Amino acid sequence: MNFTKIIRVAGREFASTAMTKGFIIGALVVPAVMAALIPLIAILSASAQPPADKGTIYVLDRSSEVFEDLSERLSPEMVRERWETRAMKASEFAKGMMGNAGGDQVESAMSFIKTPEFRIIPTAQDVDLEELKEEIRDQMASGAEPEDPMRKVLAVVEIDIDAAKIVNDSEGYGSYQAFFRPKLNEETVGEIESGIRWSIRERRYENAGLDRSQIAQLASIEERKSKEITEEGERNESSELATYLIPVASLILLIIATMTGGQYLLTTTIEEKSNRVVEVLLSATSPMELMTGKIVGQMGVGLSLLAVYNSVGIAALIAFNRLDMISGQTILLFFVFFLLAYFMLASMMAAIGSAVNDMREAQSLMTPVMMMMMIPYFFFMPVVRAPNSMLSTVSSFVPPISPFIMIMRVSSTDPPPTWQIAAVILVNIVGVVVFLWFAAKVFRVGLLMYGKPPNLRTLIKWIRMA
Amino acid sequence: MMNGVRKTFGQKVAVEGIDLSIPQGSLYGFIGPNGAGKTTTIRMIMSILFPDSGQLSVLGKKSAVESKDRIGYLPEERGVYKKMKVANFLVYMARLKGLDSAGLKPKVMDWLERVELAEVAKKKCEELSKGMQQKVQFIASVLHEPDLIILDEPFSGLDPVNMRLLRELINDQHTAGRTVIFSTHVMQQAEQICDHIVMIHEGKKVLDDTLGDIRNRFDPRAIHVDTVGGADQSAPITAVPGVANVRIHEGIHVVTLDEAMDKQQAMQGILGAVPVSKIEIKRPTLEDVFIEIVTGGTASGDHEQVRAKLLAGSKETEEVVS
């Protein structure tokens, strides 16, 4: 083995893959643009909100006491006030989470949501509800907007006689029934419903001689972050989201990085073979040097991808002030598992690439490999839920899926003991050696074979032959 | 250099017991029809394939693996990186052969100029015609000034002008003292350049000699005669002393002479006997020699069969594995 040659092959392999516009755009620029676009999309989707609903609400208040509160609660001034406070709170929350820029974005997004405007009209007690509903139907059927937008009927509400006061002991409190015009904004419906409920409650409290603010006080308990007691001291209890987020992100990142390198390796190998450049190369290098160089070169591609995405991820964690979710050891192990997973996948890709004549022929041999790469996805839920269960432990010892399972376990909130990590790494090193050995055999024979694409049996024959 | 080398692919024996020794500084031609085992032999010399049995030594080393940097190789299955620029491709190949990057660029440009391709240096390889690509590949095989140059079918796909250019370049390498081996299935090409011919047929070496010796050894002792008006003059020619037999092939009288007969004398006898428009001593072509060897010099009908087979074979693509 001549290391200078390996490095030169690797250098060309890396440059011809990573230094291309396609790769830089596809692997680096697209995610960056996406990250920038997400808030923009949020704003756009907010600004694409339908116009605010304006119109009339008929209220048949059989209890004769809820209407007053309701009409105040849903008065244009009160509605606007509530909406503005809500927007401000959201923006403050976003500022706390993402810094000022994020807060501003949320604020501007909120400002796009139009405040609805209502005209509340009480009806006579003996009104025919069907007639009011008919008015909505007529307006819908005519299709045209009424001249005065406020004349558009949005809803008809019927409040029970015993909604706020118990009339008959055995039946308890009554309720209300609302009929809405179809296709109203969700926010509008919510606003009306919560307005009615708030007003009915208000009346009930008063009738019962209770003070609303006192009840609110009684019901509220201040929230404090729960802590987990660990060997080192205490730490914030990991939220449900965090438990899943880091392992799944790690898994996906690992799969992306290994698959990218592996796919490119397959493509360049097939390309060299179908270009017939391979024998020219073999006059300068041995097949082993060529394969090693190519695998190392694509490893560089995977690593650079990983480095970029990892730094983005870490930057995000810093921005959210959640750097505690991931440890230096996890990041280190991440790279270790990447190398192990990559070498096994790359061996398979190199073997397949050398054995076939074109991409189409590679597909049939790729199917088992792709299916194998799917396994970690299926294992995601059970492994993350119980990182130290029998299933998790056993599957993390089976190469070549082992690194993928192990990275989920390691980055989970309940990481496996160190001896297991060490043992898994050892098992995988053995796996890598075995995979490379088989790949080298197939590679040597396959490179100069043209013609009928091989099946698994021929591949085994080649391994014996080499 | 090669000793009892044998290589099989499954059931098929590609090369069977070839012994070969190529002295330094010589210009050797491997000839034989497609599928004869030329490429397999060359690949074994290059240590791209390994013999099942027998020994090999290249440039004093046990195998070419240790001396790859001193060998220049233009394989039959040759290609370039399509997306790579011509000059970059050559630099990469030279660096793979262990050359320092210092002074490499001017050297590449120098070579490109020699093959009249200086203007494509910055173009991508895929933009080149097949002939141009072939010249680029030839440069890649000699750029690192190797001691041994192996060219597998270097002339295939070239036009006559480029063929001559390549012939000159090969001769330059030969004159510079380098050992050159090249293979071809077109025997005239070997006749034009080589000083030593190795003929391979069905995996066996059937001939290994200098061109001159081959010509002497396979002298058909024949004279070609065109008669005036193309009339059949077999009878009077047969009557000339020393003539063993006369047959007419494609309108030409092929006159075979007796073993001891002097050719000059026989020609004069024929000239005296019949009106002649053209008369010449037949020189053996490699093709004739090949056919002679394959058929063992038997009946002429076999000759034609073999010739047809030979020509048909040259149209097929060589398949290494069945």
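Rules and cut-offs
- Residues numbered from 1 in each chain as written.
- Chains lettered and ligands numbered in written order.
- Predicted model: local features only at pLDDT ≥ 70, side-chain atom pairs only at ≥ 80, totals over all residues.
- Pairing = 2+ DSSP bridges.
- Helix = DSSP H or I, 4+ residues; strand = E, 2+ residues; numbered from the N terminus.
- Axes fitted to C-alpha atoms, helices over the stretch in contact; angles between N-to-C directions.
- Contact = placed C-beta atoms within 7 Å.
- Nonpolar A, V, L, I, M, F, W, Y, C, P; charged D, E, K, R; others polar.
- Parallel < 35°, antiparallel > 145°, perpendicular 65-115°, else oblique.
- Left-handed = near helix turned anticlockwise from the far one by under 90°.
- pLDDT = per-residue confidence, 0-100.
- Core = buried A, V, L, I, M, F, W, Y, C linked by C-beta atoms within 7 Å.
- Buried ≥ 20, exposed ≤ 12 C-beta atoms within 10 Å, placed from the backbone.

1. Focus on the sheet that holds strand β2 (residues 117-122) of chain A
Hydrogen bonds along the backbone pair up the strands of a sheet, which may run parallel or antiparallel.
All names here are of chain A.
Right, so step 1: An order of β2-β1-β3-β4 is seen for the four strands of this open sheet, with the pairing classed as mixed. Edge positions in the open sheet fall to β2 and β4 (176-180), since each of these has one partner strand only. Averaged over all pairs of adjacent strands, the angle between strand axes in this sheet comes to 20°, irrespective of strand direction.
Right, so step 2: With six bridges joining them, strand β1 (residues 54-61) and strand β3 (residues 153-159) adopt parallel strand pairing. Paired with Val-59 across the strands is Val-157, a residue of β3.

2. As for the interface of chain A and chain B
Right, so step 1: Residue-level contacts link 16 residues of chain A with 22 residues of chain B.
Right, so step 2: Those elements that provide at least two residues to the side of chain A that touches chain B are α1 (3-18) and α9 (278-282) of chain A.
Right, so step 3: Of the residues contributing to the side of chain A that touches chain B, the split by class is six nonpolar, five polar and five charged.

3. Describing the packing of helix α10 (residues 287-319) of chain A against helix α15 (residues 418-446) of chain A
Residues and elements named next belong to chain A.
Right, so step 1: The interhelical angle for the contact between α10 and α15, taken along N-to-C directions, is 120°, at an axis separation of 9 Å. Classed by the angle they form, the pair α10 and α15 counts as oblique. α15 is crossed by α10, and the crossing has right-handed handedness. For the pair α10 and α15, contact is made by Pro-287, Met-288 and Met-291 and by Ala-439, Ala-440, Phe-443 and Arg-444, respectively.

4. Some remarks on the confidence of the model for chain A
Right, so step 1: Here chain A shows a mean pLDDT of 83. Residues at 70 or above account for 89%.
Right, so step 2: Highest mean pLDDT in chain A belongs to β4 of chain A (92); lowest belongs to strand β6 (residues 233-236) of chain A (62).

5. Structural notes on the nonpolar core
Right, so step 1: Counting 125 residues, the largest nonpolar core has Ala-439 of chain A together with Leu-90 and Ile-150 of chain B as the members making the most contacts within it.
Right, so step 2: With 17 residues, helix α11 (residues 328-355) of chain A is the largest single contributor of residues to this core.
Right, so step 3: Beyond its immediate stretch of four places on either side in the chain, Ile-150 of chain B contacts Ile-42, Ile-45, Met-46, Ile-71, Tyr-73 and Ile-181 of chain B.
Right, so step 4: One finds Tyr-58, Val-66, Leu-70 and Val-157 of chain A within the second-largest nonpolar core, a separate group that totals 23 residues.

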